[in-house]
Amino acid sequence: ASDVYKRQPKKAINTMGLYFSEPYDPRKIPVVFTHGLMSGPATFANLTNRLLVDPVIRENYQFWFFGYPSGLAWTIPASRQRQALKELMQEYNPRGTSREMNNIVMVGHSMGGLITRFNNSTKPWTLMKGVFELSPETFEGMTLENWKKGMAPLHYDEQTLERLQNNFIFSPPQGVTRIVYMATPHRGSTFADNWIGRLGQRLIDLPSDMLEEVTRIATLSRGMFLLNPLQLKDELTSIRQLSPNSSLVKYMSELRGSPNVPVHSIIGDRGRNDTPNSSDGVVKYHSSHLDWSASEKIVPSGHSVQDDPASALELRRILREHLVKVKGRKTLEEADAKAATPVWQANPSPPIILKRP
């Protein structure tokens, strides 16, 4: 199943969606994990197992995982993720009164961080600057309400307008109040441009209907798609769209979420202690760093920071901090008082004993 997510979008497209690690519990706050390129939900197994050792986390949080075929351009699974969150809100929080559902935490690793950032942006249509040759006036003051009116001069048909809206014109998901980025290439990764990245592109089998849809959007009327049609398949793969030269990545720096939603960064330096000149081997610190992060943690890890115990400790700290804001300190004190001291077994190293705050 993991390999299907990694390399076979044709087979995995119908399995894209949110998965629960346990039955829904209205008393617990959801944490939504989104994996990165050539990966799957199982990439968070070590991280979540370590978190669940802590009784405070175990008793107050439930873990959800968004799975998608990472060979697709990341704007496409982003649309599916928004739809899934919307449906869950309608099912579990129809009146909008659930404290837990109104305080969701989202965690994105690598490309999953780009999906998370895009979906929680207040002006996601900014990325269309990198796809279409449109005048700057087209994007000034654009809102959901004036979308069709603003795009009318392009003479798009209703079906194309709807598809563009599904991918670029939306409001952030309801209920998300904290975000954690893990090894996220906010400014791209040169990995996408080297021979390994180019080889990865050839291994990705894009669904023909997805190519047809994007090609149709790209070539209609005065859309003026910037990509060379002969290279369309390569450009639409997610690996290509992680390049610093990608038309989408170039405008990621303009995306901002609500100032009321704090973001945190966990970044690897491979244990070299050379930040800000560091890299996790795939993404450079310059690309992972955000000036407005509420916190930034450098861990001695490569790109798979989710597997490092230091990352689990930092995410545990963030989730406890979030819990204080949502439920108050009393919740932590009660859970700690009746719990044994948590221990993480990290073979062959000695056990790591977690200190209580």
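Residues numbered from 1 in each chain as written. Predicted model: local features only at pLDDT ≥ 70, side-chain atom pairs only at ≥ 80, totals over all residues. Heavy atoms only, no water.

Quick look at the environment of H186
- Along the chain, the position of H186 falls in the loop between strand 5 (176-182) and helix 9 (195-203).
- Once the C-alpha coordinates of H186 and G113 are considered, the two residues, 73 residues apart in sequence, prove to be 8.1 Å apart. (Helix = DSSP H or I, 4+ residues; strand = E, 2+ residues; numbered from the N terminus.)

Structural notes on the pattern of salt bridges
- Inspection of every chain in the model, using the stated rule, returns nine salt bridges.
- With its nearest N and O atoms 3.2 Å apart, the salt bridge here joins E22 to K28.
- Residue K28 is classed as buried on the basis of its relative accessible area, which comes to 12%.
- Here R317 ties to E314 by a salt bridge, and the two come within 2.8 Å at their closest N and O atoms. Here R317 pairs with E314, and both are found in helix 13 (residues 309-327), just three residues apart, close to one helical turn. (Salt bridge = Lys/Arg side-chain N within 4 Å of Asp/Glu carboxyl O. Buried < 20%, exposed > 50% of the residue type's maximum accessible area, 1.4 Å probe, protein only.)

Observations concerning the packing of helix 5 (residues 75-92) against helix 6 (residues 111-119)
- Helix 6 packs onto helix 5 with a crossing angle of 60° between their chain directions and a minimal axis gap of 9 Å. The angle between helix 5 and helix 6 falls in the class oblique. Where helix 5 crosses over helix 6, the two elements pack in a sense that is right-handed. From helix 5, T75, P77, A78, Q81 and R82 reach across to helix 6, where they touch I115, F118 and N119. (Axes fitted to C-alpha atoms, helices over the stretch in contact; angles between N-to-C directions. Parallel < 35°, antiparallel > 145°, perpendicular 65-115°, else oblique. Left-handed = near helix turned anticlockwise from the far one by under 90°. Contact = heavy atoms within 4.5 Å.)

What to know about the packing of helix 3 (residues 45-52) against helix 13
- Remark: helix 3 packs on helix 13, axes separated minimally by 9 Å, with the N-to-C direction vectors making an angle of 55°. Classified by the interaxial angle, the pair formed by helix 3 and helix 13 is oblique. For the pair helix 3 and helix 13, the sense of crossing is right-handed. Residues L47, R50 and L51 of helix 3 form the contact with helix 13, whose participating residues are P309, S311, A312, L315, R316 and L319.
- Looking at side-chain class alone, the contact of helix 3 with helix 13 contains six nonpolar, one polar and two charged residues. (Nonpolar A, V, L, I, M, F, W, Y, C, P; charged D, E, K, R; others polar.)

Focus: the confidence of the model for the chain
- Residue-level pLDDT values for the chain average 76, and 63% of them are 70 or greater.
- For the chain, the element scoring lowest by mean pLDDT is helix 9, at 38; strand 5 scores highest, at 98.
- Note on residues 1-11: pLDDT under 50 across the span, and 32 contacts to partners over four residues away in sequence or across chains.
- Low pLDDT (under 50) marks residues 192-239, which in the prediction has 101 contacts with non-local residues, meaning those over four places away or in another chain. (pLDDT = per-residue confidence, 0-100.)

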